[in-house]
Amino acid sequence: MTLVLNRIDDRLIHGQVVVGWGQPLDVRFIVLVDDAVASSDWERELYRMGVPPEMELRFHSAAEAAPLLDQYRLDPHPGILLTGDITTMRELVLHGGVREVNIGGIHHRAGRRQYLRYVFLTPGEQQALRDVASLGALVTAQDVPAARAVPLEEMLAHAEDL
Amino acid sequence: MSDPTAKKALVAGHGDFAAGLISAVEAVTGRGDLLDPIEVKGLCGEDIQLLLRQRLETIGATVIFTDLQAGSCTMAARRLLREMPDVLLASGANLPMLLDFVMSSADDAREAARAAVERARAAISIYGAPT
């Protein structure tokens, strides 16, 4: 097995990730890539307490993570790569060989416009996702496994209807 | 209790968890109005934290019930506890827990919540299908 999901989710570790994806994919480890979390003992402890004991949680900064991803792909168990923002995932696409990106949740904030129930983007973030796609990654939005994976361009076009 | 009609706790969780549980509390005890449902669909973690803080301050509550230990409401509440250490957070909330809480005669809502958590643990049973 390998990294079975490369997910952007501003809530990072939460129910959808640990239970919604974690259980059906039999996920044994999560690689959480976030500069702020990686540098804070308190943040790491907060997230560590959110995963079941049989699930391993690794923390890295974006710069640290990119060269390590090949090793994680060789892990015999399934794992999830998780970032809290598009910029960090873009780094991992550019330098870490990520080829499929799941938009799992980018929630409401001032200046963002709604694209899906769980995706809100600023114009800059919209462009950043297109940049990720132009680097060769397949970008889709899907909050939980039972939902349909919505292709990036379909999602962006859908905003016109909201 | 000083004001038996005041809201005593927030209830927050996935989907319609809060509204659903509170409707069940109301059906059983008629005291659903002691609990304040928090709706978090579409909110980022920071906004959930802000919402919890605003609701606690508005109604003067000191207790938060959440559904899932790893859920975004629990994570946001745990962050909030750094700023509001006197607030009590109970995750894994269920109907027996909330029933015990709203029926409590304790003067302090946190004391009522601690007792309710213990009661809820003991309220889980299985029957039949002998192994």
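Further up the page is the structure itself.
Residues numbered from 1 in each chain as written. Chains lettered and ligands numbered in written order. Predicted model: local features only at pLDDT ≥ 70, side-chain atom pairs only at ≥ 80, totals over all residues.

### Points about the nonpolar core
I13(A), I80(A), L82(A), V101(A) and V119(A) are the most contacted members of the largest nonpolar core, which has 43 residues in total. Not counting chain neighbours up to four residues away, the residues in contact with V119(A) comprise I103(A), I106(A), A141(A) and M155(A). Judged by nonpolar contacts, the second largest core, of 41 residues, contains V40(B), A61(B), F65(B) and A109(B). (Core = buried A, V, L, I, M, F, W, Y, C linked by C-beta atoms within 7 Å. Buried ≥ 20, exposed ≤ 12 C-beta atoms within 10 Å, placed from the backbone. Contact = placed C-beta atoms within 7 Å.)

### Re the sheet that holds strand 1 (residues 9–12) of chain B
Adjacent strands of a sheet pair through backbone hydrogen bonds, lying either parallel or antiparallel. All names here are of chain B. The four strands are arranged 2-1-3-4 in an open sheet whose pairing can be described as parallel. Taken across any chain shown, the strands that pair with only one partner, and hence form the sheet edges, are strand 2 (35–38) and strand 4 (88–90). Between one strand axis and the next, the sheet turns by 25° as a mean value, whatever way the strands run. Here helix 2 (residues 45–59) sits on the sheet in contact with strand 1, strand 2 and strand 3 (63–66), set at roughly 160° to strand 2. (Pairing = 2+ DSSP bridges. Helix = DSSP H or I, 4+ residues; strand = E, 2+ residues; numbered from the N terminus. Axes fitted to C-alpha atoms, helices over the stretch in contact; angles between N-to-C directions.)

### Considering the packing of helix 1 (residues 17–29) of chain B against helix 4 (residues 95–103) of chain B
All names here are of chain B. The interhelical angle for the contact between helix 1 and helix 4, taken along N-to-C directions, is 55°, at an axis separation of 10 Å. When the interaxial angle is binned, helix 1 and helix 4 end up oblique. The crossing of helix 1 and helix 4 is right-handed. Contacts between helix 1 and helix 4 involve L21, A24, V25, V28 and T29 from the former and L95, L98, L99, V102 and M103 from the latter. (Parallel < 35°, antiparallel > 145°, perpendicular 65-115°, else oblique. Left-handed = near helix turned anticlockwise from the far one by under 90°.)

### With respect to the pairing of strand 2 (residues 29–33) of chain A
All names here are of chain A. With four of five residues buried, strand 2 is to be regarded as a mostly interior element. Pairing between strand 2 and strand 4 (residues 79–83): five bridges, direction parallel. Note that in strand 4 the partner of V33 across the bridge is T83.

### With respect to the interface of chain B and chain A
Across the boundary between the two partners, chain B contributes 13 residues, which contact 14 residues of chain A. Only helix 2 and helix 3 (72–83) of chain B provide two or more residues apiece to the side of chain B that touches chain A. Examining the composition of the side of chain B that touches chain A, we find that three residues originate from one element, helix 3 of chain B, more than from any other. Among the residues making up the side of chain B that touches chain A, the classes are represented as five nonpolar, six polar and two charged. (Nonpolar A, V, L, I, M, F, W, Y, C, P; charged D, E, K, R; others polar.)

### Some remarks on helix 6 (residues 86–96) of chain A
Among all positions in helix 6 of chain A, only I86(A), M89(A), R90(A), L92(A), V93(A) and G96(A) are buried. Backbone geometry just after helix 6 of chain A places G97(A) at a positive phi near 75°.

### Here's the deal with the sheet that holds strand 1 (residues 3–9) of chain A
Residues and elements named next belong to chain A. Taken in spatial order, the seven strands of this open sheet run 3-2-4-1-5-8-9, and their pairing is mixed. Where the open sheet ends on each side, the last strands, each with one partner, are strand 3 (56–60) and strand 9 (150–151). In the sheet, strand 2 pairs with strand 3 via five bridges, with the strands oriented parallel. Note on strand 3: the bridge partner recorded for V31 is R58. Across the face of the sheet, helix 6 comes into contact with strand 1, strand 2, strand 4 and strand 5 (100–105) while running at roughly 125° to strand 4.

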